[in-house]
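A closer look at the structure
Chain by chain, the residues:
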Amino acid sequence: MTRVRLRSAVALASIAGASSLFLAACTQDASSTDGTESAAPPSTSSEAPAAEAPVNGVDAKVYASSDPETDAYGFVTPSGKWRCSIIPTKNLAGCATHPTAGPLGVPGTPQIASPDGGPPAEANVIAVEAGKEPSFQNWNQAVFPDNAGVLPYDTTLAIDGFSCNVQFSGVSCREDATDKGFTISTSGYKFEFTPIPVSFPSASPAQIAPTAAPLPQQARGSNQCGPVVYPETGKPATVVIVKGMLRCDEAHAMLTKYFAAPDKSEPVYSFDGWECRLAGDPESAEIGYTINCTDDNGNTVVAQP
């Protein structure tokens, strides 16, 4: 491979026929809290940095919009709370609530201008655009037009210079070139990308046993299966069949048996072909820890605040 090195215009002044290449960056107007563009620092090397491989990357084509006129790649988080999209034509990655696409409803979400000129309203999208700081925005259209697939926990969707991942602690997106991004969950947000850790803590946090609410029997393959309630907090957690062909009543029956187990002090508790573990940080004690259970048949059930 021949390496082409860039030299200054002064050094090349004596070479006949020298030409200059100018790159124009596109900007996009948006109703947002921060539309300031960030200037890229001057390059000190003739070689671009190697692209970082996404952690547990998925096939982006699986998450592409079925609309041939829409260039977008979207997903729903396993909890069913968030719908996110990477939109190359807008140089943007963003998330909104699912399925209502209403106000984000997390602590600290600001009131901002409406895109149609109406009165300020609570933001309904959090996004990061190329060359700009992450921001809250108000959209009058869906962040992703189709029925998006579920992006599993601890995996990354990466396409056209943007990456999004889903973890038990929330969903996070960034512009890869600048590493600027955001993280959002039901408990809050930050304008900072949260990478998937390369290792997980060996110790499990203290467990809080929720009480399963009665549910009508639903068809196999259901995704969301209704809430359980953490008795110590009084707050709900959503039961989701992330993978497999369980019915909702089967998922709840398994969780009920897990909650009733007399000894769950080990990081991973095994019973009846299932393995269940907890995940979360110290703040999870206030809202309830996430419970992740898998079995020998490839079924995965999650209860997440």
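Before reading further, recall that the structure is shown in the block above.
Residues numbered from 1 in each chain as written. Predicted model: local features only at pLDDT ≥ 70, side-chain atom pairs only at ≥ 80, totals over all residues. Heavy atoms only, no water.

Describing the environment of Arg277
Tracing the backbone shows Arg277 in strand S18 (residues 274-279). Judged by its relative accessible area of 40%, Arg277 falls in the partly exposed class. Distance from Arg277 to Val302, taken between C-alpha atoms, is 9.8 Å for residues 25 residues apart in sequence. Other than its neighbours up to four places away in sequence, Arg277 contacts Pro267, Val268, Thr290, Ile291 and Asn292. (Helix = DSSP H or I, 4+ residues; strand = E, 2+ residues; numbered from the N terminus. Buried < 20%, exposed > 50% of the residue type's maximum accessible area, 1.4 Å probe, protein only. Contact = heavy atoms within 4.5 Å.)

Side note on the sheet that holds strand S3 (residues 92-97)
Remark on secondary structure: sheet strands pair via backbone hydrogen bonds, oriented parallel or antiparallel. Read across the open sheet, the 6 strands follow the order S7-S6-S3-S2-S1-S8; overall the sheet is mixed. The open sheet has two edge strands with one neighbour each: strand S7 (135-137) and strand S8 (149-150). Note that strand S6 (residues 125-129) and S7 share 3 bridges and pair antiparallel. Residue Val125 lies in a different strand from S7, and its bridge partner there is Gln137. (Pairing = 2+ DSSP bridges.)

As for the nonpolar core
Phe75, Leu157, Val171 and Ile184 are the most contacted members of the largest nonpolar core, which totals 29 residues. Those elements that place two or more of their residues in this core are strand S1 (73-76), strand S2 (82-87), S3, S6, strand S10 (162-167), strand S11 (170-175) and strand S12 (180-185). The residues contacting Ile184, other than those within four sequence positions of it, are Trp82, Leu104, Val106, Ile126, Gly170, Val171 and Tyr189. With 23 residues, the next largest nonpolar core counts Ile241, Trp274, Cys276 and Val301 among its residues. (Core = buried A, V, L, I, M, F, W, Y, C linked by side-chain atoms within 4.5 Å.)

Observations concerning helix H1 (residues 248-259)
Taking 1.5 Å as the rise per residue, H1 with 12 residues should run 16 Å; its terminal C-alpha atoms sit 17 Å apart, in good agreement. Residues of H1 that are buried: Cys248, Ala251, His252, Met254, Leu255, Tyr258 and Phe259. When H1 is viewed along its axis, its buried side chains cluster within an angular range of 160° and face the same direction. (Expected span 1.5 Å × (residues − 1). Arc of directions from axis to C-beta.)

Some details on the side chain of Ser114
Looking at where Ser114 falls in the secondary structure, it is placed in the loop between strand S4 (111-112) and strand S5 (121-122). At 2.7 Å, the side chain of Ser114 forms a polar contact with the backbone oxygen of Pro119. (Polar contact = N/O pair within 3.5 Å; in protein donor to acceptor, adjacent residues only side chain to side chain.)

Observations regarding unusual backbone geometry
As a rule of thumb, non-glycine residues mostly have phi less than zero, and peptide bonds are mostly trans rather than cis. Between His98 and Pro99 the backbone carries a cis peptide bond, its omega angle lying at 5°. For Pro99, the location among the structural elements is in the loop between S3 and S4. Positive phi values are uncommon outside glycine, yet Asn56 reaches one of about 50°. Asn56 gets classed as partly exposed once you look at its relative accessible area, which sits at 46%. Backbone geometry places Asn91, a non-glycine residue, at a positive phi of 50°. Its place among the elements puts Asn91 in the loop between S2 and S3. In this structure Asn91 comes out as partly exposed when scored by relative accessible area, which is 30%.

Structural notes on the packing of aromatic side chains
The final tally for this structure, using the stated rule, is 7 aromatic pairs. Summarising the aromatic geometry, the rings of Tyr258 and Phe271 are spaced 6.2 Å apart at their centres and angled 20° between planes, so their arrangement reads as stacked. Of this pair, Tyr258 sits in helix H1 while Phe271 sits in strand S17 (residues 268-271), and the two are 13 residues apart along the sequence. A relative accessible area of 2% places Tyr258 in the buried class. Taking 5.9 Å as the distance between ring centres and 35° as the angle between the ring planes, the aromatic pair formed by Tyr269 and Phe271 counts as tilted. The same class applies to Tyr269 as to Phe271, namely buried. Among the aromatic residues, ring-to-ring pairing joins Phe136, Tyr189 and Phe191 into one connected group. (Phe/Tyr/Trp six-rings, centres within 6.5 Å; stacked < 30°, edge-to-face > 60°.)

Side note on the pattern of salt bridges
Counted under the stated rule, the structure contains 7 salt bridges. A salt bridge links Glu133 to Lys180; the nearest nitrogen and oxygen atoms lie 2.6 Å apart. You can see Glu133 sitting in the loop between S6 and S7 and its partner Lys180 sitting in strand S12, a full 47 residues away along the chain. Of the charged contacts in the structure, one is a salt bridge between Arg247 and Glu250, with a shortest N-O distance of 3.5 Å. Within this structure, Arg174, Asp176 and Asp179 form a network of salt bridges that share partners. (Salt bridge = Lys/Arg side-chain N within 4 Å of Asp/Glu carboxyl O.)

Points about the pairing of S3
Buried residues dominate S3, accounting for 6 of its 6 residues. Relative to S3, S2 runs antiparallel, the two being bridged by 6 bridges. Bridging across to S3, Ser85 finds its partner in Gly94. Following S2, the chain reverses through 4 residues before pairing antiparallel with S3; Asn91 in that reversal takes a positive phi of roughly 50°. Bridge count for S3 against S6 is 4 bridges, and the pairing is antiparallel. Opposite Leu92, over in S6, you have Glu129 as the bridge partner.

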